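Results of the structural survey
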Amino acid sequence: VDKTGTLTENAMKVQKFSLNHETLTLSDLPIPEAFHSLIEYGVLSSHRDPFDPMEKAIHKTLEQYLKDTDHDHSNWTLVREYPLTDQLRAMACVWRNPNSDLFTIAAKGAPEDIFDLCHFDLEQTNRMMKDVHQLANDGLRVLAVAKSTFTNSEELPPKSHDFKFEYLGIMGLEDPLRAEVPEALKTCWKAGIKVFMLTGDLPN
């Protein structure tokens, strides 16, 4: 069976953020300023009118907590998109701010690939992967987010890897299991049916 929308409710929601080993669980309380850019650039690295459940969840988070603030850029223009590839599991969007001479670039994707875009060395990567595993161990899908800028006078590079990205943190998203799934799997096991999972997410 397919997972999303079959085993799960297909109701993605951002549940947690992590930045420099500090983890925040979303609640109705105000989100600390340190995490605002993570939401802001998570939205900027998504489609303006998203169809993907993860991107919808990120947009909903901004609407719920940061709408009509300096982090809400509904008047910006999308200039270029660098899509996911077989070599880089991260997408980047280039935006034009009408009040600035700089392009703003936002990227999100698999943590290891965002760390690579930020040119982390092995020590930095291993240190940040501890945050990634902490969220993944909670059953969350983990995305990392980064930002960059580029001057309008220069030609945009052919690859997103050519930008100088700054790491902003990670977010953990949940898509709850449908209530009947655990019992359905138990029935399979009792009947002698082997159950395997194939996933592009972290094994945790």
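Note that the structure is a prediction, hence the values are computed from the model and not measured. (Residues numbered from 1 in each chain as written. Predicted model: local features only at pLDDT ≥ 70, side-chain atom pairs only at ≥ 80, totals over all residues. Heavy atoms only, no water.)

**Quick look at helix 1 (residues 36-44)**
Among the nine residues that make up helix 1, eight are buried, leaving the element largely enclosed by the rest of the structure. When we look at burial in helix 1, the residues that qualify are His-36, Leu-38, Ile-39, Glu-40, Tyr-41, Gly-42, Val-43 and Leu-44. Residues of helix 1 that are buried in the fold lie against strand 1 (13-19), helix 2 (53-65), strand 4 (90-96), strand 5 (102-109), strand 6 (141-151) and strand 7 (166-174). (Buried < 20%, exposed > 50% of the residue type's maximum accessible area, 1.4 Å probe, protein only. Helix = DSSP H or I, 4+ residues; strand = E, 2+ residues; numbered from the N terminus. Contact = heavy atoms within 4.5 Å.)

**Let's talk about the packing of aromatic side chains**
Aromatic ring pairs: the centre-centre distance and the angle between the two ring planes describe each pair. Evaluated as defined, the whole model comprises seven aromatic pairs. Ring centres of Phe-115 and Tyr-167 lie 5.5 Å apart, and the angle between their planes is 70 degrees; on these two criteria the pair is classed as edge-to-face. You can see Phe-115 sitting in helix 3 (residues 111-117) and its partner Tyr-167 sitting in strand 7, a full 52 residues away along the chain. Taking relative accessible area as the criterion, Phe-115 reaches 1% and is therefore assigned buried. (Phe/Tyr/Trp six-rings, centres within 6.5 Å; stacked < 30°, edge-to-face > 60°.)

**Let's talk about the side chain of Asp-113**
For Asp-113, the position within the fold is in helix 3. Leaving out residues up to four positions away in the same chain, Asp-113 has contacts with Gln-87, Leu-88, Arg-89 and Ala-90.

**Digging into the side chain of His-71**
Here His-71 lies in the loop between helix 2 and strand 3 (77-82). Since its relative accessible area comes to 13%, His-71 is described here as buried. Within the local environment of His-71, its side chain forms a polar contact with the side chain of Glu-33, the two groups lying 3.5 Å apart. With residues up to four places along the chain from it excluded, the contact list for His-71 reads Glu-33, His-36, Ser-37, Glu-40, Leu-62 and Leu-66. (Polar contact = N/O pair within 3.5 Å; in protein donor to acceptor, adjacent residues only side chain to side chain.)

**Thoughts on the pattern of salt bridges**
Enumeration according to the criterion identifies five salt bridges in this entry. Two residues, Asp-138 and Lys-16, come together in a salt bridge whose shortest N-O distance is 2.8 Å. Highlighted residues: Asp-138 in the loop between helix 4 (122-136) and strand 6 and Lys-16 in strand 1, separated in sequence by 122 residues. A salt bridge links Arg-89 to Asp-113, with the shortest nitrogen-to-oxygen separation between them at 2.7 Å. In this pair, Arg-89 is assigned in the loop between strand 3 and strand 4 and Asp-113 in helix 3, connecting sequence segments 24 residues apart. (Salt bridge = Lys/Arg side-chain N within 4 Å of Asp/Glu carboxyl O.)

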